[in-house]
Amino acid sequence: MRRFRLTSAPSVTASAARATALAALTTALLALATLLAPTAAADDGWEWEDRVADAMSFRGAAFDTCNTPPLDTMRAWKKSSPYSGVGVYYAGRGRHCLVQKNLNEAWVGQVHDMGWQVLPVFVGSQSPCVYAANKQKVKIGNQPVKQGSSEGEQAVQEAAELGIREGSALYLDLEAYNANNAACAKTTLDFVRAWNREVRERGYLPGFYSSAESGVRQIEQARVAGKSDLPAAIWFARWRSGPALYQEAALHKDAWQHRRIHQYAGNSDETHGGKRLVVDRNDVDAPVARIG
């Protein structure tokens with residue numbers, strides 16, 4: 001570093017010099033803090049839009065189950081269960097329960113009229129390094145961006161056919177995968193971002209469901225890195241003793257505020273109003289479907 005001799009020292013007091021140095025140090029520290037801190041601007045990967053701010057939101061308990069329940073079960077549970085929201089596996093080639101004999105536009109409209117908040121879940125292609133054996137046949141291929149866009153279009157079309165309107169949140173379901181596999185993780189993120197972009201451009205809100213320790217952790221890393229086309233809402237699975245929406249270690253506490261769902265228990269055998277279901281339990285503070 002070059003050193004300069006100050007020739008006008010008599011005109012600068014020692015106190016002023018110290019003040020100048022302190023100001024420079026303060027400016028540098030503030031700049032460093034800005035670089036290191038997770039920012040609200042990086043939260044979603046895009047700026048807020050009116051339809052995001054105006055989304056239908058729900059705060060409360062929800063369940064999801066593989067097969068869409070009959071209307072009489074939904075009616076009984078609405079009267080006697082602690083739940084007010086229901087996750088519905090409405091589309092996608094990766095669903096475990098592909099045949100949904102109860103699910104149609106009339107079902108969606110009637111459960112909405114009962115007072116249920118609907119969380120539409122799209123289970124499409126899965127990560128190339130997905131762990132579950134029953135998802136091995138539906139892996140993302142070698143054109144993840146094209147495939148993600150195509151499945152995003154499908155997600156919107158099938159939602160609309162069920163009476164789920166623009167402005168609704170649609171949740172992409174990616175089961176747990178090996179996010180430490182760099183090549184696989186890149187393919188997976190490319191697919192997710194393309195799906196999000198397509199859904200968003202068609203007037204819906206892209207949500208994302210996955211394990212806290214794989215997909216959700218990767219999405220949070222992408223947020224911190226400033227990636228665009230990230231989910232507008234996060235649905236994370238971490239089964240534990242109770243809900244912990246804003247205590248999740250994989251997510252920064254300020255990220256996705258009022259856009260989170262915690263699936264905190266699975267395969268819970270419950271009976272309400274004389275109707276039995278095996279469900280996953282969720283705590284919700286997030287956007288839901290607009291119906292009608």
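Residues numbered from 1 in each chain as written. Predicted model: local features only at pLDDT ≥ 70, side-chain atom pairs only at ≥ 80, totals over all residues. Heavy atoms only, no water.

Colleague: Mind laying out the overall build of the protein, listing which residues take part and the relevant values?
Modeller: In terms of regular secondary structure, the protein is built from seven helices and eight strands. Residue burial in the protein is summarised as follows: out of 292 residues, 50% are buried. A separation of at least 24 residues holds for 76% of the contacts in the protein among residues at least 6 apart in sequence. With an accessible surface of roughly 14500 Å², the protein has 53% of that area assigned to carbon and sulfur atoms. (Helix = DSSP H or I, 4+ residues; strand = E, 2+ residues; numbered from the N terminus. Buried < 20%, exposed > 50% of the residue type's maximum accessible area, 1.4 Å probe, protein only. Contact = heavy atoms within 4.5 Å. Areas by Shrake-Rupley, 256 points an atom, 1.4 Å probe, with all protein chains shown as cover.)

Colleague: Please give an account of empty space enclosed by the protein that cites residues and values.
Modeller: Counted under the stated rule, the structure contains one cavity of 30 Å³ or more. Of the volumes computed, that of the largest cavity is approximately 30 Å³. Along its surface, the largest cavity is lined by Asp64, Tyr89, Val121, Asp173, Tyr209, Trp235 and Gln263. Split by residue class, the lining of the largest cavity holds four nonpolar, one polar and two charged. (1 Å grid on protein atoms, 1.4 Å probe; cavity = no way out; pocket = protein on both sides within 12 Å on 5 of 7 lines; lining within 4 Å. Points joined across faces, edges and corners; volume = space filled by probe spheres on them. Nonpolar A, V, L, I, M, F, W, Y, C, P; charged D, E, K, R; others polar.)

Colleague: Give me helix α3 (residues 71-80): which residues, what numbers.
Modeller: Listed in full, the buried residues belonging to α3 are Thr73, Met74, Ala76 and Trp77. Buried residues of α3, seen end-on, are gathered within an arc of 165° and therefore sit on one face of the element. Of the surrounding secondary structure, the elements contacted by the buried residues of α3 are β1 (57-64), β2 (85-91), α4 (105-114), β7 (260-272) and β8 (275-287). (Arc of directions from axis to C-beta.)

Colleague: Describe the pairing of strand β6 (residues 233-237), and please don't skip the residues or the numbers.
Modeller: Most of β6 sits out of view: five of its five residues are buried. The two faces of β6 match: Ala233, Trp235 and Ala237 on one face and Ile234 and Phe236 on the other face are all buried. Pairing of strand β5 (residues 205-211) with β6 involves five bridges; the strand directions are parallel. Bridging from a neighbouring strand, Ser210 pairs with Phe236 of β6. Bridging between β6 and β7 involves four bridges; their strand directions are parallel. Paired with Ile234 across the strands is Arg260, a residue of β7. (Pairing = 2+ DSSP bridges.)

Colleague: Give a detailed account of the packing of aromatic side chains, specifying residues and quantitative values.
Modeller: The full count for this structure, using the stated rule, is eight aromatic pairs. Centre to centre, the rings of Phe63 and Trp77 are 5.0 Å apart; their planes meet at 55°, and the pair counts as tilted. Taken together, the positions of Phe63 in strand β1 and Trp77 in helix α3 put the pair 14 residues apart, joining distant regions of the chain. Ring centres of Phe63 and Trp116 lie 5.7 Å apart, and the angle between their planes is 85°; on these two criteria the pair is classed as edge-to-face. (Phe/Tyr/Trp six-rings, centres within 6.5 Å; stacked < 30°, edge-to-face > 60°.)

Colleague: Residues and numbers for the environment of Leu162, please.
Modeller: The topology assignment puts Leu162 in the loop between α5 (144-161) and β4 (169-173). Taking the C-alpha atoms as reference points, Leu162 and Ala106, separated by 56 residues in sequence, lie 7.9 Å from one another. Setting aside residues up to four positions removed in sequence, Leu162 forms contacts with Tyr90, Leu103, Asn104, Glu105 and Val108.

Colleague: So what about the state of the cysteines? Which residues, and what values?
Modeller: Each disulfide is one covalent bond, formed between the sulfur atoms of two cysteines. Counted under the stated rule, the structure contains two disulfides. Each sulfur in the disulfide pair Cys66 and Cys97 lies 1.9 Å from the other. Negative torsions about the S-S bond denote left-handed disulfides, and the value of about 115° found for Cys66 with Cys97 makes this one right-handed. Here Cys97 lies in the loop between β2 and α4 and Cys66 lies in the loop between β1 and α3, a separation of 31 residues in the sequence. Under the relative-accessibility criterion, Cys97 is labelled buried at 13%. Each sulfur in the disulfide pair Cys129 and Cys184 lies 1.9 Å from the other. An S-S torsion of about -90° defines the bridge between Cys129 and Cys184 as left-handed. Placement of the pair is Cys129 in the loop between β3 (117-122) and α5 and Cys184 in helix α6 (residues 182-201), with a sequence separation of 55 residues. Looking at Cys129, the relative accessible area reads 14%, which means it is buried. (Disulfide = S-S within 2.5 Å.)

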